[in-house]
Amino acid sequence: MSITILAIESSCDDTSASVIIDGIIKSNVISSQLVHAKFGGVVPEIASRAHLKSIVLIVDKALKKAKIDKNYLDAIAFTNGPGLLGSLLVGSSFCKSMAYALNVPIIAVNHLKAHALSHLIDNPKIKFPYLSLLVSGGHTQIILVEDYLNMKIIGETRDDAVGEAFDKSAKILGLDYPGGPLLDKLAKNGNPLKYTFGKTKIQNLDFSFSGIKTSFLYFINTQIKKNKNFVHENLEDIASSIQKSLVDMLMEKIIIASEKYKISEISISGGVAANSLLRTTIKNCSKELKWNFYFPKIEHCTDNAAMIANYANYMFLDNQFSSYDIIPEPRLKF
Ligand code: KG4
Ligand code: ZN
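Bear in mind that the values here come from a model prediction, so they are computed numbers and not experimental data.

Chemist: Explain the overall build of the protein to me, please; I cannot follow it from the model alone.
Modeler: Per the secondary structure count, the protein includes 9 helices and 10 strands. Radius of gyration (C-alpha) of the protein: 20 Å, near the 20 Å computed for a compact globule of 334 residues. Overall, the C-alpha framework of the protein stretches about 65 × 45 × 30 Å when taken along its three principal axes. Burial analysis of the protein (334 residues in total) assigns 54% to the buried set. In the protein, once contacts between residues fewer than 6 apart in sequence are set aside, the share between residues at least 24 apart is 73%.

Chemist: Quick question: what am I supposed to make of the coordination of the zinc ion (ligand 2) here?
Modeler: The protein atoms that coordinate the zinc ion (ligand 2) are His-111 (NE2), His-115 (NE2) and Asp-303 (OD), at distances spanning 2.1 to 2.2 Å. What the 4 donor atoms of the zinc ion (ligand 2) show is an angle range of 93 to 148 degrees at the metal, which sorts the shape as irregular. Positions of the donor residues of the zinc ion (ligand 2) along the chain correspond to the pattern H-x3-H-x187-D. Within this pair, His-111 and its partner His-115 are both found in helix 3 (residues 111-116), separated by 4 residues, close to a single helical turn.

Chemist: Help me understand the packing of aromatic side chains in this model?
Modeler: Both the distance between ring centres and the angle between the ring planes are used here to describe each pair of aromatic rings. Applying the stated criterion across every chain, the model contains 12 aromatic pairs. Summarising the aromatic geometry, the rings of Phe-128 and Tyr-148 are spaced 4.9 Å apart at their centres and angled 70 degrees between planes, so their arrangement reads as edge-to-face. Pair noted here: Phe-128 is in the loop between helix 3 and strand 6 (130-135) and Tyr-148 is in the loop between strand 7 (140-145) and strand 8 (151-156), with a separation of 20 residues, a long-range link. Looking at Phe-128, the relative accessible area reads 27%, which means it is partly exposed. Judged by relative accessible area, which is 32%, Tyr-148 ranks as partly exposed. Three or more aromatic residues joined by ring pairs make a cluster, and in this case those are Tyr-195, Phe-197, Phe-216, Phe-219 and Phe-230.

Chemist: Before we go on, may I ask you to explain the side chain of Gln-33 in this structure?
Modeler: Relative to the elements of secondary structure, Gln-33 occurs in the loop between strand 3 (24-32) and helix 1 (44-65). A relative accessible area of 9% means that Gln-33 is categorised as buried. Ignoring sequence-local partners within four residues, the contact set of Gln-33 consists of Asp-13, Asp-14, Thr-15, Ile-46, Ala-47, Ala-50 and His-51.

Chemist: What exactly am I supposed to notice about the site of ligand 1 here?
Modeler: Every one of the 20 residues lining ligand 1 counts as a neighbour, but Gly-137, Asp-167, Asp-184, Gly-271 and Asp-303 are closest to it. In the environment of ligand 1, an oxygen atom lies 3.5 Å from a nitrogen or oxygen atom belonging to the side chain of Ser-136. Protein contacts shield 89% of the accessible area of ligand 1, which totals 550 Å² for the unbound molecule. When residues of the shell around ligand 1 are traced back to their parent elements, those giving at least two are helix 3, helix 4 (162-172) and helix 5 (180-187). Here the residues of the shell around ligand 1 are counted per class, giving 6 nonpolar, 11 polar and 3 charged. Looking at which domains feed residues into the shell around ligand 1, each of domain 1 (4-116 + 301-317) and domain 2 (126-295) gives three or more.

Chemist: Help me understand the pairing of strand 9 (residues 265-269) in this model?
Modeler: Put simply, side chains in a regular strand alternate between the two faces of the sheet. Burial of strand 9 is extensive: 5 of the 5 residues sit out of reach of the surface. A two-sided burial pattern is seen for strand 9, the buried positions comprising Glu-265, Ser-267 and Ser-269 on one face and Ile-266 and Ile-268 on the other. Two elements, strand 6 and strand 9, share 4 bridges in a ladder whose sense is parallel. Bridged to Ser-132 within strand 9 is Ser-267. Relative to strand 10 (residues 292-294), strand 9 runs parallel, the two sharing 3 bridges. When the sheet's bridge partners are listed, Glu-265 is paired in strand 10 with Asn-292.

Chemist: Could you clarify how one ought to interpret the sheet that holds strand 8 in this entry?
Modeler: Backbone-to-backbone hydrogen bonds join strands into a sheet, with any given pair of strands oriented parallel or antiparallel. Strand order across the open sheet formed by 5 strands is 8-7-6-9-10, with mixed pairing between neighbours. The sheet is open, and its two borders are formed by strand 8 and strand 10, each paired with just one other strand. Neighbour-to-neighbour, the strand axes of the sheet open up by a mean angle of 25 degrees, direction not taken into account.

Chemist: Sorry if this is basic, but what is going on with helix 4 here?
Modeler: Note on helix geometry: an α-helix contains 3.6 residues per turn, so any two residues three or four positions apart are oriented the same way. Buried within helix 4 are the following residues: Val-162, Gly-163, Ala-165, Phe-166, Asp-167, Ser-169 and Ala-170. Looking at the packing, one finds that the buried side of helix 4 touches strand 6, strand 7, helix 5, helix 6 (210-226) and helix 7 (230-261). Of the residues one or two after helix 4, Gly-174 is the one with positive phi, at around 85 degrees.

Chemist: Mind showing me how you'd approach unusual backbone geometry here?
Modeler: It is generally the case that most residues other than glycine have a negative phi and that most peptide bonds are trans. A cis amide bond links Phe-128 with the next residue in sequence, Pro-129, at an omega value of -5 degrees. By the element assignment, Pro-129 lies in the loop between helix 3 and strand 6. Looking along the chain, the bond that leaves Tyr-177 and enters Pro-178 is cis, with omega of -10 degrees. Tracing the backbone shows Pro-178 in the loop between helix 4 and helix 5. The phi dihedral of Asn-319 is positive, around 55 degrees, even though this residue is not glycine. Considering the arrangement of structural elements, one finds Asn-319 in the segment after helix 9 (305-317). Residue classification places Asn-319 among the exposed positions, given a relative accessible area of 60%.

Parameters at a glance
Residues numbered from 1 in each chain as written. Chains lettered and ligands numbered in written order. Predicted model: local features only at pLDDT ≥ 70, side-chain atom pairs only at ≥ 80, totals over all residues. Heavy atoms only, no water. Helix = DSSP H or I, 4+ residues; strand = E, 2+ residues; numbered from the N terminus. Rg over C-alpha atoms; globule rule 2.2 N^0.38 Å. Buried < 20%, exposed > 50% of the residue type's maximum accessible area, 1.4 Å probe, protein only. Contact = heavy atoms within 4.5 Å. Donors = N, O, S within 2.8 Å, 3.2 Å for Na, K, Ca; no water. Tetrahedral: all angles 85-135°; square planar, octahedral: opposite > 155°, others 65-115°. Phe/Tyr/Trp six-rings, centres within 6.5 Å; stacked < 30°, edge-to-face > 60°. Near = heavy atom within 4 Å. Polar contact = N/O pair within 3.5 Å; in protein donor to acceptor, adjacent residues only side chain to side chain. Areas by Shrake-Rupley, 256 points an atom, 1.4 Å probe, with all protein chains shown as cover. Nonpolar A, V, L, I, M, F, W, Y, C, P; charged D, E, K, R; others polar. Domains from an automatic or database assignment. Pairing = 2+ DSSP bridges. Axes fitted to C-alpha atoms, helices over the stretch in contact; angles between N-to-C directions.

So this is what it looks like as C-alpha cells:
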C-alpha cells in the first residue's frame, strides 16, 4: 500500500503545502508574505490574514503539481508549533476541516523536529545519532538526533535567535527585512577581519546573541558620530565582519558538542543554514575534524511544507496520529 500525505506549514510568514508519496516529495509550493518588509519584521495579525487568503490556492497548487486527487490522500499533516498562534490556527483549522471531510487522520508536526530532519529529503542516508544545528529566525539549537522520531535539545539560545541577530544587524545598516540573505550577499565582497565585536561568553552548549547585537549597535553609532558616511563607505566590510562573528559563535558550540558527545555526523537546518559562510565553514571544518556533514537544499532550509511532509511520513509509519481536538502550541518544545 502506498502512503500519500498532504502537509501544510503556516507557523510564521510562509504559507506552504507539499505532497509526499511513499517518502518522496512530489510537490512543495511556498508563498512568502512580502507585505512584512515595510514593517521591518513579521506582524502576526497580518501574517494570519495573509495565510487565510492564500491557503486554498497553495494547497490546490501542491495537489495539482503532485498530480494527485484529494480523495487519494491517506492523511493530512500540519505544523502544530512552535510559531505564531494566529498563523498556526489557520493551517491547523484548514487541515482538520479537510481531513474531517475526507475522513482521513491528521498528523500534528513539531516544526523544530521537521527542520532537524529536513536534510533527509535530499539525502535520505544518514547515520544515527547525529547532531543538528538548527539555526533560524526564531530558534538556535543544537539537537542530538537519536533516530527519526527521538531527539533532544542539548544547547540553545538564552535570548535572541541567530537569524534575529542577522536581521537586526541588517536593520541597523538600513537593509530591508529579512536582512540575513542581504547581509550574506554583501559580505561576499567584504573583509571579514576588518571589525570585531564584543560577544557574551556562555560556558555550556547554550548561545547568547543579545550582547553582540548591542555591541554592533554601539559600534555603528560611535563610527557614525565620527563619519556620517561610515556605513555607506564600509558596508561590505561591516556585513562581512558581523557575519563572520555570528558564524564563529555557531561553530564554536557545534565543535564543542561534537567533541563532548563524540559524534561526527553533523547537519545544519533552518533559514540561516542557507548562509554561504556557514556552509563553507562547516565544509572546511569537516575536512579537518573528519565530520560527515549534511545540508538541506536551500529551498528546504527556510520554512517549507516539504520538511513537514517528510517528518509526517515517519510519524505515519509509527502510527502517530492526532485527535481532531488538538490545539496549536505556539511555544511547543520537544
Ligand atoms: O527557518 P526560517 O525560514 O524561519 C523561521 O522559522 O524563523 O528562517 C528565517 C531566518 C531569517 O532570520 C533570515 O534572515 C535567515 O533565516 N536567513 C539567512 C539567510 N537566509 C535566510 N541568514 C543568513 N544568511 C542567509 N543566506
Ligand atoms: Zn522554521
